[in-house]
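Listed below are the residues making up each chain.
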Amino acid sequence: MELLHLAKNALLASTGITDQDIEKVLSSLLSSPLDTADIYFQSTHSESWVLENGIIKEGHHNIEQGAGIRAVIGEKTGFAYTDRLELPMLMTATQHVKGILKQGQNAQVNLKNHRNAPILYPSVNPLKSLSDQQKVDLLQKIDRETRQLDSRIEEVIVSLLGAHEHILVVDQDGQLTADVRPLVRMNVTVIMLDNGRREQGSMGGGGRSHYHYFIDEERALNYGKEAVRLALVNLEATAAPAGNMTVVLGPGWPGILLHEAIGHGLEGDFNRKGTSAFSGRVNERVASSLCTVVDDGSLQGRRGSLTIDDEGTPTQQTVLIENGILKGYLQDKLNARLMGVAPTGNGRRESYASLPLPRMTNTYMLPGQDDPEEIIASVQHGLYAKNFAGGQVDITSGKFVFSASEAYLIENGKITRPVKGATLIGNGPEVLTRVSMVGNDLALDSGVGTCGKEGQSVPVGVGQPTLKIDGLTVGGTHVA
Amino acid sequence: MNTSAHIDELKHILHSLLNEAKQQGASAAQAGLSQENGLSVSVRLGEVETIEHHCDQGLGITVYFDQHKGSASTSDLSPDSIKETVRAACSIARYTSADPFAGLPDQDLLQTEFPKLDLYHPWSLTTDHAIDLATQCENTALNFHPAISNSEGASINSHQGIHILGNSLGFLHGYASTRHSLSCSVLAQADDSMQRDYWYTVARNAVHLDSPEQVGKTAAERTVRRLNARSLSPRQCPVLYSANIASGLFGSLIGAISGGALYRKSTFLLDCLDTLIFPEFVHIHEQPYLQGALGSAAYDNEGVATHAHDIVNQGLLRSYVLNSYSARKLGLQSTGNAGGIHNLTIEPGTQTFAELLTTMDTGLYVTELMGQGVNIVTGDYSRGAAGFWVEHGVIQYPVEEITIAGNLKDMFKAIIAIGNDVDLRGNIRTGSVLIEQMSIAGV
């Protein structure tokens, strides 16, 4: 009830919208027969601070609020939104939405309060967790201490982002669900010059927390150290190999492999429509028996976590692949209903101005039995990829890419020299069948992931233990 | 909507916003305001899938207290919210550092003439008409070939908006613009494998859109021709970029000669002004005043006058791409590119696409790129690709699950030819581009 109270205060009390107003809007919407309808109220306060060249160069504050109204009948969706939280504007949006529905009878809906799911993150406003002076001091401290690490550092860029979001979802039964979501993120980039060669290194992290997260355990300072380490590795890197070879992926952020190769292809909308390379393959083998992959939005404080999704469904752990066998899909309400399964708490939207879609939360592979050092030692000739920049997938052909930003050659069971970043390409339904070793070192990423789909961005997490893949194409320039 | 009255009303709001900043003590301020609305309709397998009504507004303000800068934005245009937004920007400026290069543009660079650019053509598109057009488009695609097996649908979008920009130097201008598009994406199946591709048309004026049938047919053709694709063994060979993806190469050029990358020294084209970065036949220029084009604008995001000028002439880099801040950092003058470029035109060559295939003889014709593997600091380039293997100027078979790699500095110099098949659908206008040699990896 506490979250509901906070969200109602932020979204309704401050704008003068009453429960009776919401009942009016909902009753008008439901005067036509439909399958699903909802009103999504949202307000987001966010800020960013940027330090560059030793000075606090930019600061920005943003307030965004509005409501989206949706009605679904069969596979048809009508949608409209307003950024003015006033009854007449909500009614106008409702009239637009009803364009998709048949004329019907009068309806009367009464609001009911809904119990919330377990709390996964504090409802505090991260923007207020430090004073502006403290934020600025923190950035300057990171800059100072990072510059002291190496004389070859030319530039340090530090950014700090925070957001405080209130959402309130009213569904067609008049049930109210609410969430208050903090999100913080920090990034440190360094540019280093050595013997006329310039390279960059970048490291960041964050989660659904407040700014003290970066001070605790000296996380922010460690981002600076890691950024310098990465730039130094890049300064030594030589041309990456080109061709198909054994690839060992490090733990943590390389789990972007699972996000691209597996995760998107298992989103409910593509599978309902039969457009995914994984369509109709539940209970088939799509990975080696060493692989169990889950999506879990209910992890405490992670960047991809949500108490409830954007349709009010509590998040959960969903098993996607169990011991190599495809188990299920990620669902929002619309696709779950049309496929005759339960929603999995994966209905997410970028904002009130976009429609919910089935999306990932935190996607990762469970740990295996192998010692990571033994995994490296087992490779005669291959690539060890430890850090990645991003990825993309064609869910229909199954082809996916992800770009290594820190990689080394493995020669005779040993990591030898760093090679330049290169794109790795593979086929989603095949790549995990070639996983021959899984490490016992599961790690989740540091909290920097953003996933794009149909133009909508949402924060996500990934993770995995060290993995050995017997054959993946590495897109370097060095053709043997 | 009476556009000019509406523009005047929004100008009034912007004016009061700038006044509010002054009252709160700012020594200078710049503000922008926009309102947009539109309709998006999508149809899948002959049935309406979504009808979306869009209605967005937003304002942003940047204030300067001498050389301390702060900015804020909001989607709420009520008087209270405006005050609060200005207050937030001013509060931030108390904590940012004095930056000797910060501030409004030089007064004499601000645009004072506002020629008609033919950007506003509202389309009285009803939902029913939009459904008809999308249905025609998708139907054409679905019936094009027996291998077309499924669809992601066809969608039509029609948007119009008003954009106002002003600053405390007295610049205050607004204009209306429209943008309409139609797209279609279908799937084809052969044995166990599926392929998907798409096509779209976009224009300021709906009468310039390609017909729904043309869009549907192109989407289907592009999808069917991908069936039974193979990989390629690692090799070095010529690569021909199709016009619609070649624009990305020049997008990377713009990234590398942008002020931010230059003053951070984080570009592979540092200190390259007046040096040869392309072969001598390459000519690249900016054309902000093209009538009705997607990237046309008389002024940039700071109100600085845009001007038609050369970026690359006879292969020589002739201009950077700067806003006021980066220009001051570099001791140069703004090039009117705050917010980006305006109709970057790569002067087309004489060869048709078919002639380019003949010129290439044997190599890779790339039609799709995946991933973000472009490093502007070093120029290192490695991306996933799909396309066709070409021998003796004739397309042999589709290829996929391959990567293409090189270094942009070398790739730019290795351009052999640019086609006359210019793609006009974006802000970068180029024909297909043939590069002498790149590294290919695959199975």
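Rules of the game
- Sequence order as written defines the numbering, with residues in each chain counted from 1.
- The naming scheme follows written order: chains are lettered A onward, ligands numbered 1 onward.
- Reporting in this predicted model follows two pLDDT cut-offs: at least 70 for local features of residues, and 80 or more for side-chain atom pairs to be given and counted; totals over whole chains, interfaces and linings ignore these cut-offs and use all residues.
- Hydrogens and water molecules were not included; the side-chain quantities draw on all heavy atoms of the structure.
- At least two bridges found by DSSP between two strands is the condition for calling them paired.
- A run of H or I in DSSP counts as a helix once it spans at least four residues, and a run of E counts as a strand once it spans at least two, with each numbered from the N terminus.
- When a residue's accessible area, from a 1.4 Å probe over protein chains only, is under 20% of the maximum for its type it is buried; when over 50% it is exposed; and in between it is partly exposed.
- In this analysis, two residues are considered to be in contact whenever any of their non-hydrogen atoms come within 4.5 Å of each other.
- Expected helix span is computed as 1.5 Å times (number of residues minus one).
- For helices, the fitted line uses only the C-alpha atoms of the stretch in contact; every axis is such a line through C-alpha atoms, and the angle between N-to-C directions lies from 0 to 180 degrees.
- By disulfide we mean two sulfur atoms from cysteines, separated by a distance within 2.5 Å.
- In this description, a nonpolar core means a group of buried Ala, Val, Leu, Ile, Met, Phe, Trp, Tyr and Cys residues linked to one another through side-chain atoms lying within 4.5 Å.
- Definition used for salt bridges: Asp or Glu carboxyl oxygen within 4 Å of a side-chain nitrogen of Lys or Arg.
- Any N or O atom pair separated by 3.5 Å or less is treated as a polar contact, with the protein-specific requirement of one donor-capable and one acceptor-capable atom, and with residues adjacent in sequence counted only for side-chain atom pairs.
- Throughout this entry, Asp, Glu, Lys and Arg are counted as charged residues, while Ala, Val, Leu, Ile, Met, Phe, Trp, Tyr, Cys and Pro are counted as nonpolar. The remaining residues, Gly among them, count as polar.
- Where each domain begins and ends is defined by an automated method or by a domain database.
- Here the quantity called buried area is the accessible surface, traced with a 1.4 Å probe, that two parts lose on coming together, added over both.

Caption draft 1: Main features of the pairing of strand 9 (residues 309-313) of chain B. Residues and elements named next belong to chain B. Bridge analysis of strand 8 (residues 284-286) against strand 9 gives 3 bridges, and the strand direction is antiparallel. Following the sheet pairing, histidine 285 is matched in strand 9 by aspartate 310. Here 2 bridges tie strand 9 to strand 10 (residues 316-317), and the two strands are oriented antiparallel to one another. Bridge pairing links valine 312 to leucine 317 in strand 10. Connecting strand 9 to the antiparallel partner strand 10 that follows it, the hairpin turn spans 2 residues, and glutamine 314 within it adopts a positive phi of roughly 50 degrees.

Caption draft 2: The environment of asparagine 234 of chain A, seen in detail. Residues and elements named next belong to chain A. Here asparagine 234 shows up in helix 6 (residues 219-236). Given a relative accessible area of 14%, asparagine 234 falls into the buried group. For asparagine 234 and serine 405, which are 171 residues apart along the polypeptide, the C-alpha to C-alpha distance reads 8.5 Å. The contact partners of asparagine 234, leaving out residues within four places of it in the chain, are Arg197, Glu199, Gln200 and Ser405.

Caption draft 3: Representation of helix 4 (residues 212-224) of chain B within the structure. All names here are of chain B. Across its 13 residues, helix 4 extends 18 Å between first and last C-alpha, which sits within 8% of the 18 Å expected from 1.5 Å per residue. Pro212, Val215, Gly216, Thr218, Ala219, Ala220, Arg222, Thr223 and Val224 are the residues of helix 4 that are buried. Check the buried side of helix 4 and you find it contacts helix 3 (127-142), strand 4 (148-167), strand 5 (172-190), strand 6 (193-203), helix 5 (243-256) and strand 12 (363-370).

Caption draft 4: Layout of the sheet that holds strand 9 (residues 293-296) of chain A. Residue and element names in this part refer to chain A. Within the open sheet, the 6 strands sit side by side as 11-10-9-14-23-20. Their pairing is mixed. This sheet does not close on itself; its edge strands, each paired only once, are strand 11 (325-326) and strand 20 (443-444). Examined bridge by bridge, strand 20 and strand 23 (residues 461-464) share 2 bridges and lie antiparallel to one another. Opposite leucine 444, over in strand 23, you have glycine 463 as the bridge partner. Each of strand 9, strand 10 (317-322), strand 14 (362-365) and strand 23 is contacted by helix 7 (residues 256-263), which is oriented at about 105 degrees to strand 23, the strand it contacts most.

Caption draft 5: Fine view of the state of the cysteines. All told, the structure shown has 0 disulfides over all chains when counted by the stated rule. Of all cysteine sulfurs, the one in cysteine 184 of chain B lies closest to cysteine 137 of chain B, which takes part in no disulfide; the gap is 4.1 Å.

Caption draft 6: Structural context of the nonpolar core. Ranked by size, the top nonpolar core spans 57 residues in total, and within it Ile22, Ile39, Phe41, Ile69, Leu168 and Val170 of chain A together with Cys184 of chain B carry the most contacts. Per-element accounting of this core gives the leading share, 6 residues, to helix 3 of chain B. Isoleucine 22 of chain A has contacts with Leu12, Ile17, Ile39, Phe41, Leu111 and Val170 of chain A, leaving out every residue within four places of it along the chain. Counting 51 residues, the second-largest nonpolar core is a separate cluster that includes Ile257, Tyr397, Ile404 and Val433 of chain B.

Caption draft 7: The interface of chain A and chain B, seen in detail. At the junction of the two partners, chain A supplies 72 residues and chain B supplies 71 residues. In this structure, lysine 273 of chain A engages glutamate 49 of chain B in a salt bridge whose closest nitrogen and oxygen atoms are separated by 3.2 Å. If you look at where chain A meets chain B, you find 37 residue pairs in polar contact (both at pLDDT 80 or more). If one sorts the elements of the side of chain A that touches chain B by residue count, strand 2 (residues 55-73) of chain A sits on top with 11 residues. When grouped by side-chain class, the residues that make up the side of chain A that touches chain B number 25 nonpolar, 30 polar and 17 charged. Pairing geometry for strand 2 of chain A and strand 3 (residues 68-74) of chain B, over 4 bridges, is parallel.

Caption draft 8: Here's a closer look at the pattern of salt bridges. Per the stated rule, a full pass over the model turns up 43 salt bridges over all chains. For aspartate 143 of chain A, the salt bridge identified is with arginine 147 of chain A, shortest N-O distance 2.9 Å. Within this pair, aspartate 143 of chain A and its partner arginine 147 of chain A are both found in helix 4 (residues 132-147), separated by 4 residues, close to a single helical turn. What makes arginine 147 of chain A partly exposed here is its relative accessible area of 29%. Salt-bridge contacts for aspartate 423 of chain B lead to arginine 425 of chain B; the nearest nitrogen and oxygen are separated by 2.8 Å.

Caption draft 9: Representation of the domain arrangement of chain B in the model. Residue and element names in this part refer to chain B. Segmentation of chain B into domains returns domain 1 (3-224) and domain 2 (235-442). A straight line from the C-alpha centre of domain 1 to that of domain 2 covers 25 Å. Contacts between the two partners involve 33 residues from domain 1, matched on the other side by 29 residues from domain 2. The largest contributions to the domain 1 side of the interface with domain 2 come from Phe101, Leu109 and Leu117, which together make up 27% of the buried area. Remark: the boundary between domain 1 and domain 2 carries 1 salt bridge. The closest approach of N and O atoms between aspartate 106 and arginine 328, which form a salt bridge, is 3.5 Å. In this structure, the connection of domain 1 to domain 2 is made through 15 residue pairs in polar contact (both at pLDDT 80 or more).

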